[in-house]
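Here is what each chain is made of, one letter per residue.
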Amino acid sequence: CFDNPELKQRIEANLALLVQDKDITEFPLAADKLCVIAAAGPTLSLQMSWLKTQQANDNIVLIAVDAAVKPLYQEGICPDLIVSIDKIGGDLFGEVDRAFYQNTALLYFPLLDKPFIESWPSTRYASFSTGQSYNLLTQYSKKTRLYSGGSVIHPSIDAAVKLGAKQILLLGADFSFINDKRHAEHTQQFSHFNPLAPKDCKHWVLNGYGERNPTYLNFRGYLRDLEHYIELHPNVDFYNSSKLGASISGTQIWPELDDE
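A. A look at the overall build of the chain. Of the regular secondary structure elements, the chain holds seven helices and 13 strands. Across its three principal directions, the C-alpha atoms of the chain cover 50 × 40 × 40 Å. A burial count over the chain gives 51% of its 260 residues as buried. Long-range contacts, defined here as pairs at least 24 residues apart, represent 62% of the contacts in the chain between residues at least 6 apart. Of the roughly 12300 Å² that the chain leaves accessible, carbon and sulfur atoms contribute 47%. In the chain, 23 positive and 31 negative side-chain charges are present, and the distance between their average locations comes to 5 Å.

What follows is the structure, encoded as structure tokens:
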């Protein structure tokens, strides 16, 4: 399935979990609810106050990518569902109290560390990418496969769409540097290389004000693939939370969060 021996070993270790854990289509998400996807871009920090006011709102479902878990935890915000797909997924949580997530479901790909998956205190949902490298897993599991263009935001959104969401609001989906920051405050970061400073980036994206935001080539690719996904789903209304981050074709700015 994978040429990398470590990744292949992880998948083989998680096959039993992949079979026995629930399918994401079993997650309770009513189509009439607003589905909020919390990514880990810098503008997520600007939306925390709004998110806190929405915690008691039964008409909102909060889905968080793994890199957004620690920033949300620092603000006492508990998602309904966390999505993690990469081998360092569990590490992104940092030193958080796992008991805080007694009522938070986990959606994972089988690249995660098995002890981390098994120790999750709430409901687990298993899935894997629609990418060709995962095709062999279909002989073991018939779980719903989710679109992934390299970023965890893709399967998070695809899960919401497959669950019937008709309105999706993106928080922290910036795909670029903002004020020299590439992630929200308190984000747990792991890197085996020295990332380029914004001034050294050769690539850029336009933000909602028509200004150039410096970025990485892979961030631009994630944005391109997200815009293509949105184009293929005209029956879903997609919203962005800020004009400071990348302008995402096919989205509107959520009126309550318009920073103009």
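B. Expanded view of the packing of aromatic side chains. Considering all chains together, one arrives at 13 aromatic pairs under this definition. The interplanar angle of 80 degrees and the centroid separation of 5.8 Å between the aromatic rings of Phe27 and Tyr125 together place this pair among those described as edge-to-face. Here Phe27 is found in the loop between β1 (22-23) and β2 (34-38), whereas its partner Tyr125 is found in strand β6 (residues 124-126), with 98 residues between them in sequence. The exposure class assigned to Phe27 is buried, which follows from its relative accessible area of 9%. With a centroid separation of 5.8 Å and an interplanar angle of 20 degrees, the aromatic rings of Tyr147 and Tyr229 are classed as stacked. Of this pair, Tyr147 sits in the loop between β8 (145-146) and α6 (153-162) while Tyr229 sits in helix α7 (residues 217-231), and the two are 82 residues apart along the sequence. We classify Tyr147 as partly exposed; its relative accessible area is 23%. The ring of Trp204 is capped by Arg212, whose NZ or CZ atom sits 3.9 Å from the centre of that ring.

C. Examining the sheet that holds strand β13 (residues 251-253) more closely. If you trace the nine strands from one edge of the open sheet to the other, you get β1-β6-β5-β4-β3-β2-β9-β12-β13, paired in parallel fashion. One side of each edge strand has no neighbouring strand; the edge strands of this open sheet are β1 and β13. As paired elements, strand β9 (residues 167-171) and strand β12 (residues 237-240) share four bridges and run parallel to each other. The partner of Leu169 across the bridge, within β12, is Tyr239. Contacts between α6 and the sheet are confined to β2, β3 (60-65), β4 (81-84), β5 (105-108), β9 and β12, with β2 contributing the most and set at about 170 degrees to the helix.

D. Summary view of α7. Across its 15 residues, α7 extends 21 Å between first and last C-alpha, which sits within 8% of the 21 Å expected from 1.5 Å per residue. Turning to α7, its buried residues are Phe219, Gly221, Leu223, Asp225, Leu226, Tyr229 and Ile230. Where α7 is buried, its residues meet α6, β9, β10 (203-206), β11 (212-215), β12 and β13.

E. Broad picture of the nonpolar core. Counting 81 residues, the largest nonpolar core has Leu51, Ile157 and Ile168 as the members making the most contacts within it. A per-element tally of this core places β3 first, with six residues. With near-sequence residues (within four places) excluded, Ile168 lies in contact with Leu34, Cys35, Ile37, Ile157, Ala160, Val161, Val236, Asp237, Phe238 and Tyr239.

F. The arrangement of the pairing of β3 in detail. Within β3, six of the six residues are buried, which leaves it mostly tucked inside the rest of the structure. Where β2 and β3 come together, five bridges link them in parallel fashion. Bridging from a neighbouring strand, Cys35 pairs with Val61 of β3. The parallel pair β2 and β3, bridged by helix α3 (residues 48-53), forms a crossover whose chirality is right-handed. Across three bridges, the pairing between β3 and β4 is parallel. Within β4, the position partnered with Ile63 by the bridge is Leu81. For the segment spanning β3, helix α4 (residues 69-74) and β4, crossover handedness is right-handed.

So, how was this worked out
- Position numbers for residues count from 1 along each chain, tracking the sequence in the order it is written.
- Local features in a predicted model are, by the rule used here, given only for residues with pLDDT of at least 70; side-chain atom pairs are given and counted only at 80 or more, and totals for whole chains, interfaces and linings are based on all residues.
- Each side-chain value is derived from all of the structure's non-hydrogen atoms; neither hydrogens nor water enter the calculation.
- The helix and strand labels rest on DSSP assignments: H or I over at least four residues marks a helix, E over at least two residues marks a strand, and numbering proceeds from the N terminus.
- Any residue under 20% of the maximum accessible area for its type is buried, any over 50% is exposed, and the rest in between are partly exposed; the area is computed with a 1.4 Å probe on protein chains only.
- In this description, contact between two residues means that some pair of their heavy atoms is separated by no more than 4.5 Å.
- Every accessible area reported is derived by Shrake-Rupley at a probe size of 1.4 Å, with residue values counting cover from the shown protein chains alone.
- His is not counted, nor are the chain ends, whereas Lys and Arg count as positive and Asp and Glu as negative.
- Charge positions are represented by NZ for Lys, CZ for Arg, CG for Asp and CD for Glu.
- Working definition: a ring pair exists when centres of Phe, Tyr or Trp rings (six-membered ring for Trp) sit within 6.5 Å. Plane angles under 30 degrees give stacked, over 60 give edge-to-face, the rest tilted.
- Distance and angle both matter: a charge sits over a ring if NZ of Lys or CZ of Arg is within 6 Å of the ring centre and within 35 degrees of the ring normal.
- When DSSP finds at least two bridges between two strands, those strands are taken to pair.
- A fitted line through C-alpha atoms represents every axis, and for helices the fit uses only the stretch in contact; the resulting angles, taken between N-to-C directions, go from 0 to 180 degrees.
- In a helix, the anticipated span is given by 1.5 Å times the number of residues less one.
- Take the buried residues of types Ala, Val, Leu, Ile, Met, Phe, Trp, Tyr and Cys, join any two whose side-chain atoms come within 4.5 Å, and each joined set is a nonpolar core.
- Whether a crossover is right-handed depends on one test, that the path from the first strand over the helix to the second runs clockwise when the strands point away from the viewer.

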